[in-house]
Amino acid sequence: MTLAVYPGSFDPVTLGHLDLVRRARRIFGSVVVAVLDNASKRHTFGLEERVEMVCAATRGMKGVSVDTFSGLLADYMKTKRARVLIRGVRVVSDMDYEFQLAFFNRRLGPNVETVFLMPDGKYTYLASSMVKEVARLGAPVDSFVTPMVARRLRQKFQGGV
Ligand code: PNS
């Protein structure tokens, strides 16, 4: 059974991310969503909160688990003995950064293959940063994230429940 790792900040997880998890799971027997634990990178949500949201959103998805990692992704891949790394590509402009990431990950761990997946077209322009901006400015984000994440965003930015 091939294990695929889908790493990211997930700050917070969006419906686009979840679409990608489902697509990855259709191809690979087991998918680990690996949430970045990086104290020096400023995230809106803390690690625990990000993990909690990913866990809730992926609950019931067979073959999908959630983990955290810090340090180099290539090292984490070695620890997990995982040889497939999933990254989502929405638009061509994503490729610049993604190829750079894949290049370094290949140099650091030559046994790992980065597999790029394209989300459903309705998620093409969806990004956590934009969702946060929308939420911060008080508009509903229910069509971009799960109800739990929408609630957390409201709590974070509007002090709502
Ligand atoms: O969701 P993101 O922020 O686009 O995910 C980026 C992520 C977490 C995959 C990337 O920043 C990462 O792997 N960071 C860990 C450090 C690392 O291995 N960097 C790449 C080689 S220098």
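Scroll up a little and you will see the structure.
Owing to the predicted nature of the structure, the values given are computational and were not obtained by experimental measurement.

Visitor: An account of the overall build of the chain is needed here, citing residue identities and associated values.
Guide: What the chain contains, in helices and strands, is six helices and five strands. Each helix and strand of the chain, placed in order from N terminus to C terminus, yields the pattern β-α-β-α-β-α-β-α-β-α-α. A compact globule built from 161 residues would reach a C-alpha radius of gyration of about 15 Å, and the chain, at 15 Å, matches this within 12%. Dimensions of the chain, computed from C-alpha atoms along their principal axes, come out at roughly 45 × 35 × 30 Å. Taking all 161 residues of the chain together, 45% fall into the buried category. Contacts in the chain between residues at least 24 apart in sequence constitute 72% of all its contacts with a sequence separation of at least 6. Split by element, the accessible area of the chain, about 9,100 Å² in all, is 53% carbon and sulfur. If you average the places of the 24 positive and of the 15 negative side-chain charges in the chain, the two averages end up 4 Å apart.

Visitor: Quick one: what's the story with a nonpolar patch on the surface, residue by residue and with numbers?
Guide: Together, L72, F103, F104 and L108 make up an exposed nonpolar region whose accessible area comes to about 370 Å². With respect to the helices and strands, F103 occurs in helix α4 (residues 94–108). Note on F103: relative accessible area 43%, which makes it partly exposed.

Visitor: Residue-level account of the site of the ligand, with values.
Guide: Every residue near the ligand is listed here: G8, S9, L36, K41, F69, G71, L72, L73, R87, Y97, L101 and F104. In this structure, K41 approaches the ligand through a side-chain N or O atom, which is 3.4 Å from an oxygen atom. Side-chain polar atom of R87 to an oxygen atom of the ligand: 2.9 Å apart, as the coordinates give it. When the ligand sits alone it has 550 Å² of accessible area, and the protein chains cover 74% of it. Per-element tally for the shell around the ligand: the top contributor is α4, with three residues. Looking at the shell around the ligand residue by residue, the class counts come to seven nonpolar, three polar and two charged.

Visitor: Quick rundown of the pattern of salt bridges? Include the residues and the values.
Guide: Inspection of every chain in the model, using the stated rule, returns 10 salt bridges. Notably, a salt bridge pairs R23 with D19, separated by 2.8 Å at the nearest N-O pair. Of the two residues, R23 and D19 both sit in helix α1 (residues 15–27), four residues apart, roughly one turn of that helix. Within the structure, one salt-bridge network assembled from shared partners comprises E49, E52, R152 and K156.

Rules of the game
- Residues numbered from 1 in each chain as written.
- Predicted model: local features only at pLDDT ≥ 70, side-chain atom pairs only at ≥ 80, totals over all residues.
- Heavy atoms only, no water.
- Helix = DSSP H or I, 4+ residues; strand = E, 2+ residues; numbered from the N terminus.
- Rg over C-alpha atoms; globule rule 2.2 N^0.38 Å.
- Buried < 20%, exposed > 50% of the residue type's maximum accessible area, 1.4 Å probe, protein only.
- Contact = heavy atoms within 4.5 Å.
- Areas by Shrake-Rupley, 256 points an atom, 1.4 Å probe, with all protein chains shown as cover.
- Lys, Arg positive; Asp, Glu negative; His and termini not counted.
- Charge placed at Lys NZ, Arg CZ, Asp CG, Glu CD.
- Patch = residues over 30% accessible without salt bridge, like charges linked within 9 Å, V, L, I, M, F, W, Y side chains within 5 Å.
- Salt bridge = Lys/Arg side-chain N within 4 Å of Asp/Glu carboxyl O.
- Near = heavy atom within 4 Å.
- Polar contact = N/O pair within 3.5 Å; in protein donor to acceptor, adjacent residues only side chain to side chain.
- Nonpolar A, V, L, I, M, F, W, Y, C, P; charged D, E, K, R; others polar.

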